[in-house]
Amino acid sequence: MDKIIFEKIWQEGDLLEFKISAESEFVSAYQTCYVQQPLFKNNANKMINYIDNCTEPCYVEYGCKKGNYTPAFSMNIMEADNHGHVKIEVDIELADNDERLHRCCFYVRTELGQLERFSKELKQLSDGEIGSSAQLWRNSF
């Protein structure tokens, strides 16, 4: 089962903390990530806009992948095929060392309709309550 879950676990002002979990046929990983609310909403809007032009990849990043920062997470949403199937390359940083050496990168498969619903849930999540979540689930094609 392929899935991506964002759970809001903390907020102070416009700084948000999420637990991000992702799973594919081959791997399951999670991390916590801090992001400013305007950037989070902007990324959700980029994903919503992707639905109207799904022939171009869409890249969104939460946090900075280099430098002295908290762990980062990114999704590279590939172009949809003729059936509306989409692969998302998920890149999760594993916070198991101070040098930021370990990353887990894999594909999560979904469909355009599921991605559209998830993107709208993400946009709402930035203003949501602590403990609320946005979930992308896909059993199989």
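This text goes with the structure placed above it.
Conventions and cut-offs
- Residues numbered from 1 in each chain as written.
- Predicted model: local features only at pLDDT ≥ 70, side-chain atom pairs only at ≥ 80, totals over all residues.
- Heavy atoms only, no water.
- Helix = DSSP H or I, 4+ residues; strand = E, 2+ residues; numbered from the N terminus.
- Rg over C-alpha atoms; globule rule 2.2 N^0.38 Å.
- Buried < 20%, exposed > 50% of the residue type's maximum accessible area, 1.4 Å probe, protein only.
- Expected span 1.5 Å × (residues − 1).
- Arc of directions from axis to C-beta.
- Pairing = 2+ DSSP bridges.
- Salt bridge = Lys/Arg side-chain N within 4 Å of Asp/Glu carboxyl O.

Trainee: Can you lay out the overall build of the chain for me, pointing to particular residues and giving the numbers?
Mentor: Along the backbone of the chain there are two helices and eight strands. Over its C-alpha atoms the chain spans a radius of gyration of 14 Å, differing by no more than 12% from the 14 Å that the globule rule assigns to 141 residues. Counting only C-alpha atoms and orienting by the principal axes, one finds that the chain spans roughly 40 × 30 × 25 Å. Taking all 141 residues of the chain together, the buried fraction comes to 42%.

Trainee: Which residues make up helix α2 (residues 112-125), and what values go with them?
Mentor: With 14 residues, α2 should cover 20 Å at 1.5 Å per step; its first-to-last C-alpha distance of 20 Å lies within 8% of that length. Turning to α2, its buried residues are Leu112, Leu115, Phe118, Ser119, Leu122 and Leu125. Angularly, the buried residues of α2 cover 140 degrees about the axis, an arc narrow enough to put them on a single face.

Trainee: Which residues make up the pairing of strand β6 (residues 85-93), and what are the values?
Mentor: Sheet topology note: the strand β5 (residues 73-77)/β6 ladder contains five bridges and is antiparallel. Among the inter-strand pairings, asparagine 76 is bridged to a residue of β6, identified as glutamate 89. Where β6 and strand β7 (residues 103-111) come together, nine bridges link them in antiparallel fashion. Along β7, the bridge assignment pairs histidine 85 with glutamate 111.

Trainee: I'd like a description of helix α1 (residues 37-52), backed by residues and values.
Mentor: When the terminal C-alpha atoms of α1 are compared, their 24 Å separation across 16 residues agrees well with the 22 Å that a helix rising 1.5 Å per residue should span. Those residues of α1 that sit buried are Gln37, Phe40, Asn43, Ala44, Met47, Tyr50 and Ile51. On an axial view of α1, the arc spanned by its buried residues comes to 145 degrees, and they lie on one face. Exposed and oriented more than 90 degrees from the buried face of α1 are Pro38, Asn49 and Asp52.

Trainee: Account for the pairing of β5, naming residues and giving values.
Mentor: Of all five residues that make up β5, five are buried, and the element is covered over most of its length. Residues Phe73, Met75 and Ile77 point to one face of β5 and Ser74 and Asn76 to the other, with burial holding for every one of them. Inspection of the sheet shows strand β4 (residues 58-62) paired to β5 by five bridges, in the antiparallel sense. Counted as the bridge partner of tyrosine 59 is asparagine 76 from β5.

Trainee: Can you explain the pattern of salt bridges? Please cite residues and give values.
Mentor: Going through the model one piece at a time under the given rule, you end up with 10 salt bridges. The shortest N-O distance in the salt bridge between aspartate 2 and arginine 109 comes to 3.1 Å. In this pair, aspartate 2 sits in strand β1 (residues 2-12) while arginine 109 sits in strand β7, placing the two residues 107 residues apart along the sequence. Taking the relative accessible area as the measure of exposure, aspartate 2 reaches 2% and is therefore buried. With a shortest N-O distance of 2.7 Å, arginine 100 and glutamate 93 are connected by a salt bridge. Here arginine 100 matches glutamate 93 in class, with each residue buried. Ionic contacts of the salt-bridge type, sharing partners, join the residues Lys65, Asp91, Glu93, Arg100 and Arg103 into one network.

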